[in-house]
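Below are the chains, spelled out letter by letter.
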Amino acid sequence: MTRISVQVDGDHYTDEVEPRTLLVHYLRERIGKTGTVVGCDTSNCGACTVLLDGKSVKSCNMLAVQADGHEVTTVEGLAIDGTLHPMQQAFHDKHALQCGYCTPGMIMASIDLLNDNPHPSEDEIRVGLEGNLCRCTGYQNIVKAVQQAAGSEQS
Amino acid sequence: MIPAPFDYLAPESVEEVLAALAESGDDAKVLAGGQSLLPVLRLRLNAPEKIIDIGRIPALREIHEDGEYLAIGAMATHDDVLHNALVTEHALLLHKTLVEVADPQIRHRGTVGGALVHADPAGDLGAAALALDAELVIAGPGGATRTVAAKDFFVDIFETAVQDGELLTQIRIPKHTGWRAHYEKFVRVAHQWAIVAVAATVRMDGGTISEARVALTNMGSTPVRAASVERALVGKPATDDGVREAATLAAEGTSPPSDLNGDAAYRKHLAGVLTRRAVLAAAGE
């Protein structure tokens, strides 16, 4: 077992983990952050995306021990006192989901995208989200949601 | 699936890594960013007894100028390198190639050194390293280092000059200041491995190509330098007519794989087409 100390959604956690534990399993099974889901489990789909020190990563493609000393933000850490993060609100407003399974990862990747590029074009949004698969929406409303959050909606 | 159990070490210096490697023999595997290794471990394609995580050595992540070279630490992430102004200025081809590597999440974790040592023939960075005449600095037992030219670094599929007990520490790229560049990658869906890709960088004299470097991805068991294309491009105008004939030489001497994405003959055809596009795009940047 290896001792790790991580900050997740603003709270500190110190735990003994098996080194082979994937970050996504640590988040879900040890500290109960089930908002982050396992999708493809092959690092393709991006459903498990979280922010590590503010940068998007696929938490199924990382060991929990690699997060030792770092700061993780999951979809559960976005809302403040019940007020949705602007990206969450935009996904809600634009109905940027159908089954919703890709949504946690899609929202985290979208936040990272706007951190890098606050005013992306439609093409830049589509390319910026290439690491996240949605099998329901055809991406149309997801792109609209990111545009809303960026304040660049076409009326 | 999750990886098979392993012992985990996270040394804080290159010396400690080398000592751990010396002690472990071939039962140990080095973990860089893990974006290729983690899938391998999860699918149980490999089950090393020991994982040596080199992610806690800040010195391995530095990018700096060193005379006529750009020195990139092996643990610099794709994202670090992609957004580094020195890289854009002195090794534009590397920047252009990194744009096409995987997706943002993978680029945040994956490292340039890890990708080169993984040596997947469909990986993008090998061709860029080869075209830029990169030199790879490898530390060995006791801390001795040796430098290997990119052309000698790639040995076979998933095999490089890095031996048991050794660690790639730095990628040195001769400055190609002012050279234009493009990486033309052919895929069928987003963030797929290249079916074929072409890395091209050119030095222009007005509208004429005065020097060219071209390397191919997934046209054999290692990245391949298209030397005859490079020679044929010298003195040619950067126009469709000027480049077309030289580009037809791209597949010369290659032995590309045949798989579900295309057979060898199709890949040879692609190599010519993509070389023409890559050189024209590079010259037009």
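Residues numbered from 1 in each chain as written. Chains lettered and ligands numbered in written order. Predicted model: local features only at pLDDT ≥ 70, side-chain atom pairs only at ≥ 80, totals over all residues. Heavy atoms only, no water.

Going by what an unreviewed UniProt entry lists, chain B is known as Xanthine dehydrogenase family protein subunit M and is assigned to Leekyejoonella antrihumi.

Looking at an unreviewed UniProt entry, one finds chain A named (2Fe-2S)-binding protein and attributed to Leekyejoonella antrihumi.

### Details of the overall build of chain A
Keep this limit in mind: Starting at the N terminus, helices and strands are each numbered in turn, a helix being any DSSP run of H or I of at least four residues and a strand any DSSP run of E of at least two. Throughout, a residue-residue contact means that at least one pair of heavy atoms, one from each residue, lies within 4.5 Å. Only the protein chains shown count as cover for residues, with accessible areas throughout obtained via the Shrake-Rupley method and a probe of 1.4 Å. A positive count includes Lys and Arg, and a negative count includes Asp and Glu. His and the chain ends are not counted in either. All charge positions are set by atom: Lys at NZ, Arg at CZ, Asp at CG, Glu at CD.
The helix and strand tally for chain A stands at five helices and five strands. A principal-axis box enclosing the C-alpha atoms of chain A has dimensions of 55 × 30 × 25 Å. Long-range pairs, those at least 24 residues apart, make up 55% of the contacts in chain A with a sequence separation of at least 6. Per element, the accessible surface of chain A, about 6800 Å² overall, is 46% carbon and sulfur. Taking the average location of the 11 positive side-chain charges in chain A and that of its 20 negative ones, the two points are 5 Å from each other.

### Looking at the environment of Asp-205 of chain B
Residues and elements named next belong to chain B. For clarity, the threshold we go by: A 1.4 Å probe rolled over the protein chains alone gives each residue an accessible area, and that area as a share of the maximum for its type sets the label: buried under 20%, exposed over 50%, partly exposed in between.
As for its placement among the helices and strands, Asp-205 is situated in strand E12 (residues 196-205). Asp-205 gets classed as exposed once you look at its relative accessible area, which sits at 55%. Along the primary structure Asp-205 and Asp-259 are separated by 54 residues, whereas in three dimensions their C-alpha atoms are 41 Å apart.

### A few points about the UniProt feature "domain: FAD-binding PCMH-type" (unreviewed entry) in chain B
Put simply, the rule reads: UniProt positions are given in the numbering used here, feature names are shortened, and annotations may be inferred rather than shown by experiment.
Under the UniProt annotation, the feature "domain: FAD-binding PCMH-type" (unreviewed entry) is placed at residues 1-178 of chain B. Note that residues 1-178 of chain B is 34% helix and 24% strand, and that its end C-alpha atoms are spaced 47 Å apart.

### Some remarks on the sheet that holds strand E2 (residues 11-17) of chain A
Two strands in a sheet stick together by hydrogen bonds in their backbones, pointing the same way (parallel) or opposite ways (antiparallel). Residues and elements named next belong to chain A. Put simply, the rule is: The pairing criterion is simple: DSSP has to find at least two bridges between the two strands. Axes here mean lines fitted to C-alpha atoms, for a helix over just the part in contact, with angles spanning 0 to 180 degrees between N-to-C directions.
If you trace the five strands from one edge of the open sheet to the other, you get E2-E1-E5-E3-E4, paired in mixed fashion. Looking along the sheet, the strands with just one partner apiece sit at the ends: E2 and strand E4 (55-58). Across the sheet, the mean angle separating the axes of adjacent strands is 40° when strand polarity is ignored. Strand contacts of helix H3 (residues 103-116): strand E3 (49-52), E4 and strand E5 (71-73), with the helix running at about 40° to E3, the strand carrying the most contacts.

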